[in-house]
Amino acid sequence: MNEYKVLEVSGSGELTASITAISEKDARRIFREKYTGTGQREITVTLIRENVPATKAQEREALEKIKAIVATLGPRSYIGTALDGCLEDAEVNIENDFGDSMRARWQDAEKRVGQALKETAAVKEELAQVRRALQTAEDDANFYRDKVLDSDDLTDIAQLIDGHISQLRDMVKASEVAILENAEHPEAKIFTDAVRDRKNLTKDIEYYQALAQRVKHARGQ
């Protein structure tokens, strides 16, 4: 669109208006429709700026024309399918001064999914590290179970087990965060993995809590 300065000189005086239009011819038409004038008149049109935004009224008019064209193509047309929801977005944008679009939402969702996948990979690696540490702790516990341990040994084992239980609880929280963030897509792999991890971690916590109680009993507490 372009911005034009339209000057009308007639028997009753001069009238100046700023008109946004596609061309000089269109600017003249809009001016005549908006300002009727009286008697003989001379209209001069001067280009002020190029590539200016259309007015809301012009956008509404263009949107209605597009809707009419799409409607003539019949149901399930290729263009109508591609524009499904887009014309509604355009109408909301015009009325509310928004800049929303399906493409922008898709790109934002893709970005969020990419970030979620990175975070999930990091959580899985942390889970793997915790499981390796827990396996080491379990191996140590099995080794010491058949040994005669003094009070200091039992205290060290209890502290080690408590530390692993704390790590497990942190990982459960991370799994719960992943579950909440992806609750709207329960079929997604990130969601099902998080549910499975939380279930396994909860079982691990129960096991090591029971082990901690046995160590506590062995210490005479």
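Just so it is clear, the structure is predicted and the values come from calculations on it, not from any experiment.

### Here's the deal with the overall build of the protein
Thought 1: What the protein contains, in helices and strands, is seven helices and three strands.
Thought 2: Counted from the first residue to the last, the protein has its helices and strands arranged as β-β-α-β-α-α-α-α-α-α.
Thought 3: For the protein, whose C-alpha radius of gyration is 36 Å, the value lies well above the compact-globule estimate of 17 Å for 221 residues.
Thought 4: Overall, the protein is about 115 × 40 × 25 Å in size when its C-alpha atoms are taken along their principal axes.
Thought 5: Looking at the protein as a whole, 26% of its 221 residues are labelled buried.
Thought 6: With the model as given, the accessible surface of the protein reaches about 15,300 Å², and the carbon-plus-sulfur share is 53%.
Thought 7: Taking the average place of the 33 positive charges on the side chains of the protein and the average place of its 41 negative ones, the gap between the two points comes to 3 Å.

### With respect to the packing of aromatic side chains
Thought 1: The final tally for this structure, using the stated rule, is one aromatic pair.
Thought 2: When the centroid spacing of 4.9 Å and the interplanar angle of 90° are considered together, the rings of Tyr207 and Tyr208 count as edge-to-face.
Thought 3: Judged by its relative accessible area of 31%, Tyr207 falls in the partly exposed class.

### Concerning the nonpolar core
Thought 1: Ile161, Leu168, Leu201, Tyr208 and Val215 are the most contacted members of the largest nonpolar core, which totals 18 residues.
Thought 2: Of all the secondary-structure elements, those providing two or more residues to this core are helix H5 (102-145), helix H6 (151-181) and helix H7 (189-218).
Thought 3: For this core, the element with the most residues is H6, which contributes eight residues.
Thought 4: One finds Tyr4, Val6, Ile19 and Ile43 within the second-largest nonpolar core, a separate group that totals ten residues.

### Quick word on the environment of Ile157
Thought 1: Within the element layout of this structure, Ile157 appears in helix H6.
Thought 2: Taking relative accessible area as the criterion, Ile157 reaches 15% and is therefore assigned buried.
Thought 3: With 30 residues separating them along the chain, Ile157 and Glu187 place their C-alpha atoms 41 Å apart.

### Considering helix H4 (residues 86-96)
Thought 1: The complete set of buried residues in H4 reads Leu87, Asp89, Asn93 and Ile94. Viewed along the axis of H4, the buried residues span an arc of 155°, placing them on a single side of the element.
Thought 2: Phi turns positive one or two residues past the end of H4, at Asp97, with a value near 60°.

### What about the packing of H6 against H7?
Thought 1: Across the interface, H6 lies against H7 with an axial gap of 9 Å and an inter-helix angle of 160°. Considering the angle they form, H6 stands roughly antiparallel to H7. The crossing of H6 and H7 is left-handed.
Thought 2: Of the residues in the contact of H6 with H7, the class split is 20 nonpolar, three polar and six charged.

### Observations regarding the side chain of His164
Thought 1: In this fold, His164 is placed in helix H6.
Thought 2: Judged by its relative accessible area of 9%, His164 is buried.
Thought 3: Beyond its immediate chain neighbours, meaning those up to four positions away, His164 contacts Ala133, Leu134 and Ala137.

### A few points about helix H1 (residues 24-34)
Thought 1: Of the positions making up H1, those classed as buried are Asp26, Ala27, Ile30 and Phe31. One side of H1 carries all its buried residues, which in axial view fall inside an arc of 135°. Structural note: H1 exposes Lys25 and Glu33 on the side pointing more than 90 degrees away from its buried face.

### Side note on the pairing of strand S1 (residues 2-10)
Thought 1: Two strands pair when backbone bridges link them, and S1 and strand S2 (residues 13-21) are joined in this way by nine bridges, in the antiparallel orientation. Along S2, the bridge assignment pairs Ser10 with Gly13.
Thought 2: Following S1, the chain reverses through two residues before pairing antiparallel with S2.

### Thoughts on the pattern of salt bridges
Thought 1: Inspection of every chain in the model, using the stated rule, returns 16 salt bridges.
Thought 2: Residue Glu3 is joined to Arg49 by a salt bridge in which the shortest nitrogen-to-oxygen separation is 2.8 Å. Within this pair, whereas Glu3 is found in strand S1, its partner Arg49 is found in strand S3 (residues 41-50), the two being separated by 46 residues in sequence.
Thought 3: Note on Glu3: relative accessible area 17%, which makes it buried.
Thought 4: In this structure, the salt-bridge partner of Arg131 is Asp197, at a minimum N-O distance of 3.9 Å. With Arg131 in helix H5 and Asp197 in helix H7, this residue pair connects regions lying 66 residues apart in the sequence.
Thought 5: For Asp197, a relative accessible area of 7% puts it in the buried group.
Thought 6: One network of salt bridges, with partners in common, ties together Lys124, Arg131, Lys189, Asp193, Arg196 and Asp197.

So, how was this worked out
- Residues numbered from 1 in each chain as written.
- Predicted model: local features only at pLDDT ≥ 70, side-chain atom pairs only at ≥ 80, totals over all residues.
- Heavy atoms only, no water.
- Helix = DSSP H or I, 4+ residues; strand = E, 2+ residues; numbered from the N terminus.
- Rg over C-alpha atoms; globule rule 2.2 N^0.38 Å.
- Buried < 20%, exposed > 50% of the residue type's maximum accessible area, 1.4 Å probe, protein only.
- Areas by Shrake-Rupley, 256 points an atom, 1.4 Å probe, with all protein chains shown as cover.
- Lys, Arg positive; Asp, Glu negative; His and termini not counted.
- Charge placed at Lys NZ, Arg CZ, Asp CG, Glu CD.
- Phe/Tyr/Trp six-rings, centres within 6.5 Å; stacked < 30°, edge-to-face > 60°.
- Core = buried A, V, L, I, M, F, W, Y, C linked by side-chain atoms within 4.5 Å.
- Arc of directions from axis to C-beta.
- Axes fitted to C-alpha atoms, helices over the stretch in contact; angles between N-to-C directions.
- Parallel < 35°, antiparallel > 145°, perpendicular 65-115°, else oblique.
- Left-handed = near helix turned anticlockwise from the far one by under 90°.
- Nonpolar A, V, L, I, M, F, W, Y, C, P; charged D, E, K, R; others polar.
- Contact = heavy atoms within 4.5 Å.
- Pairing = 2+ DSSP bridges.
- Salt bridge = Lys/Arg side-chain N within 4 Å of Asp/Glu carboxyl O.

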